[in-house]
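Chain and residue survey
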Amino acid sequence: MLKSLQIGYKPREARQPVLIPARMNTGPSWTEVVIHNLSSGGALLACDDAPNRGTYVEIRRGKQTIVGRVVWRKERFFGIQAQGRLDVAAIINEPRLASRPKSANDPGSAYERRSQSRMEADAQIARQLENSRRWSAAFQYGIFLVLALSAAGLAATEVYQLLSHPLSQVQSHL
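Given the structure is predicted, the values throughout are model-derived calculations rather than measurements. (Residues numbered from 1 in each chain as written. Predicted model: local features only at pLDDT ≥ 70, side-chain atom pairs only at ≥ 80, totals over all residues. Heavy atoms only, no water.)

Right, let's talk about the pairing of strand 3 (residues 42-46) for a bit. In terms of burial, strand 3 is largely enclosed, as four of its five residues are buried. Sheet topology places strand 2 (residues 30-38) next to strand 3; four bridges connect them, and they run antiparallel. Counterpart to Leu-38 in the pairing with strand 3 is Ala-43. By the bridge criterion, five bridges tie strand 3 to strand 6 (residues 77-82) in an arrangement that is antiparallel. Its bridge partner lying in strand 6, Ala-46 is registered against Phe-77. (Buried < 20%, exposed > 50% of the residue type's maximum accessible area, 1.4 Å probe, protein only. Helix = DSSP H or I, 4+ residues; strand = E, 2+ residues; numbered from the N terminus. Pairing = 2+ DSSP bridges.)

Glancing now at the environment of Leu-44. The topology assignment puts Leu-44 in strand 3. Beyond its immediate sequence surroundings of up to four residues, Leu-44 is in contact with Val-34, Ile-35, His-36, Asn-37, Trp-72, Phe-77 and Phe-78. (Contact = heavy atoms within 4.5 Å.)

Summarising the model, the protein shows a mean pLDDT of 81, and 78% of its residues fall at 70 or more. Within the protein, the lowest mean pLDDT, 40, falls on helix 1 (residues 2-5), and the highest, 94, falls on strand 6. Every residue in residues 1-12 is under pLDDT 50, and counting partners more than four places away or in other chains gives two contacts. (pLDDT = per-residue confidence, 0-100.)

With that settled, consider the pairing of strand 5 (residues 64-74). Of the pairings in the sheet, the one linking strand 4 (residues 56-61) to strand 5 comprises six bridges and is antiparallel in character. Paired with Tyr-56 across the strands is Arg-69, a residue of strand 5. Following strand 4, the chain reverses through two residues before pairing antiparallel with strand 5; Gly-62 in that reversal takes a positive phi of roughly 65°. Bridge count for strand 5 against strand 6 is six bridges, and the pairing is antiparallel.

Counting 21 residues, the largest nonpolar core has Ile-35, Leu-38, Leu-45, Ile-59, Ile-66, Phe-78 and Ile-80 as the members making the most contacts within it. Taken together, the elements giving at least two residues each to this core come down to strand 1 (16-25), strand 2, strand 3, strand 4, strand 5, strand 6 and helix 2 (88-93). (Core = buried A, V, L, I, M, F, W, Y, C linked by side-chain atoms within 4.5 Å.)

As structure tokens, this is what we get:
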């Protein structure tokens, strides 16, 4: 009560103590986790093999996704700081999926986390590569042409000097 009367006091952000099963992706595999505490800025989670501090994780609960970085770890508990604001109510009320969530790497997956689909990104890279090949071929052709013209000019100068000396002597004798 005394703290709330102090000037400039801001109450700590409301955290929801919950026990929500979810799945966590730390890169190579998915792991079962339990969300124990949830706020709009992060979460307290627990799993058998907690990730190390600094690891980026992806937590999924149904269709809700939390991406964040592990900021602390103690035994099987760890806390993450979310990259964006979390919708606590949506995560709590989201039903758990019956099967493992689709990954962008799964064949035939329609799930895509990127702003551009993998096929569009690959096509764009292929177009850039082809344009780069064309420009490099044109550049190589231009360099070859400049070198060939330079060599022809040098050869013409040498032939002129070679032939001009004997011809000048013949002309002087006439």
